[in-house]
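Descriptive analysis of the structure
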Amino acid sequence: MHKGFTLLETLVALGIGSILALGSGWLFVTTLRSSEIMTNQLTSQSDGRRVLQTIVNDVRRSAASSIGAFPIETAATSTLTLYANIDSDGLIERVRYFREGQILRRGVTKPSGMPLQYLASSESIVDIANFVVNGAGTPIFTYFDESYLGSEPPIPEPVSTARIHLIRVFLELEKDIAKSPAPVRVESMVQVRNLKTN
């Protein structure tokens, strides 16, 4: 009797080992991809909440400008310009939110000079959200008047800033459209405090 493995037994063992190795490798790669997708979505969700909090705080602080202009200067589906004292220095800054491509930006202009004025050349712009994928039918900003109770339609375009009492902010964020199953959606409703009538 010979001790050892036959050629057939060795080939069967190698085949089974190869299948197990391929299965383990596939499982490892799939787990890494899933982990990356979940990390990206959690990061997007966290970033979205931070951005919403910034916008909500600015809208709540909105007030007549340092030169007497109405608290909300312009309002459209992907832009919002308002006046708010964002740094508690006694002067009301001009705050502009606008989208360029997949980036949501925030521009802040401090009033300067005598008499005070808001110079576009002194606007300080920072990116506050990347990977914004709101489509044409999904506005970032939606505006409602004082009659809104939860189901009424928004103010139609072009928005009359004098009618705005409530602003809905909605962001869809997605780092990699090809990998992610769906964009992260974050949303908030904020009432313009200095315009409340109730």
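Before reading on, note that the structure itself is shown above.
Here's what I pulled together on the structure shown here. (Residues numbered from 1 in each chain as written. Predicted model: local features only at pLDDT ≥ 70, side-chain atom pairs only at ≥ 80, totals over all residues. Heavy atoms only, no water.)

Here's the deal with the sheet that holds strand 6 (residues 141–144)
A sheet is described by the order of its strands in space; here three strands give the open sequence 6-7-8, paired in antiparallel fashion. Across the chains shown, the open sheet's two edge strands, defined by having one partner strand only, are strand 6 and strand 8 (184–191). Shown here is a sheet whose adjacent strand axes are inclined to one another by a mean of 15°, direction ignored. (Pairing = 2+ DSSP bridges. Helix = DSSP H or I, 4+ residues; strand = E, 2+ residues; numbered from the N terminus. Axes fitted to C-alpha atoms, helices over the stretch in contact; angles between N-to-C directions.)

Points about the pairing of strand 2 (residues 79–84)
Counting buried residues along strand 2, five of its six residues qualify, which places the element largely inside the surrounding structure. Bridge analysis of strand 1 (residues 72–75) against strand 2 gives three bridges, and the strand direction is antiparallel. Note that in strand 2 the partner of Ile-72 across the bridge is Leu-82. In textbook terms, the turn of a hairpin is the stretch between consecutive antiparallel strands, and for strand 1 and strand 2 this stretch comprises three residues. Two elements, strand 2 and strand 3 (residues 93–100), share six bridges in a ladder whose sense is antiparallel. Bridging across to strand 3, Thr-81 finds its partner in Arg-96. (Buried < 20%, exposed > 50% of the residue type's maximum accessible area, 1.4 Å probe, protein only.)

Section: the nonpolar core
Grouped together as the largest cluster of nonpolar side chains are 30 residues, with contacts concentrated most on Leu-104, Phe-141, Tyr-143, Ile-164 and Ile-167. Put simply, the parts of the chain that give this core at least two residues each are helix 1 (7–61), strand 1, strand 2, strand 3, strand 5 (124–129), strand 6, strand 7 (166–173) and strand 8. Here this core takes five residues from helix 1, the largest share from any one element. Setting aside chain neighbours within four positions, we find Phe-141 in contact with Ile-55, Ala-76, Thr-77, Ser-78, Thr-79, Leu-80, Tyr-97, Ile-167, Arg-168 and Val-169. (Core = buried A, V, L, I, M, F, W, Y, C linked by side-chain atoms within 4.5 Å. Contact = heavy atoms within 4.5 Å.)

Digging into the packing of aromatic side chains
Taken as a whole and assessed by the stated rule, the structure comprises two aromatic pairs. Both rings, one in Phe-144 and one in Tyr-148, keep their centres 4.2 Å apart while their planes meet at 40°; by these two values the pair is tilted. For Phe-144, a relative accessible area of 6% puts it in the buried group. Sitting above the plane of the Phe-98 ring, Arg-96 keeps its charged end 3.9 Å from the centroid. (Phe/Tyr/Trp six-rings, centres within 6.5 Å; stacked < 30°, edge-to-face > 60°. Lys NZ or Arg CZ within 6 Å of the ring centre and 35° of its normal.)

Describing unusual backbone geometry
Put simply, Met-114 and Pro-115 share a cis peptide bond, and its omega is 5°. Here Pro-115 is to be found in the loop between strand 4 (103–109) and strand 5. Cis geometry marks the peptide bond from Glu-157 to Pro-158; its omega dihedral reads -10°. With a phi close to 55°, Ser-88 is a non-glycine residue in the positive phi region. Residue class for Ser-88 comes out exposed when judged on its relative accessible area of 69%. Positive phi is not limited to glycine here, since Phe-131 has a value of about 65°. Positionally, Phe-131 belongs in the loop between strand 5 and strand 6.

Function cannot be inferred from these measures alone, as they are strictly geometric.
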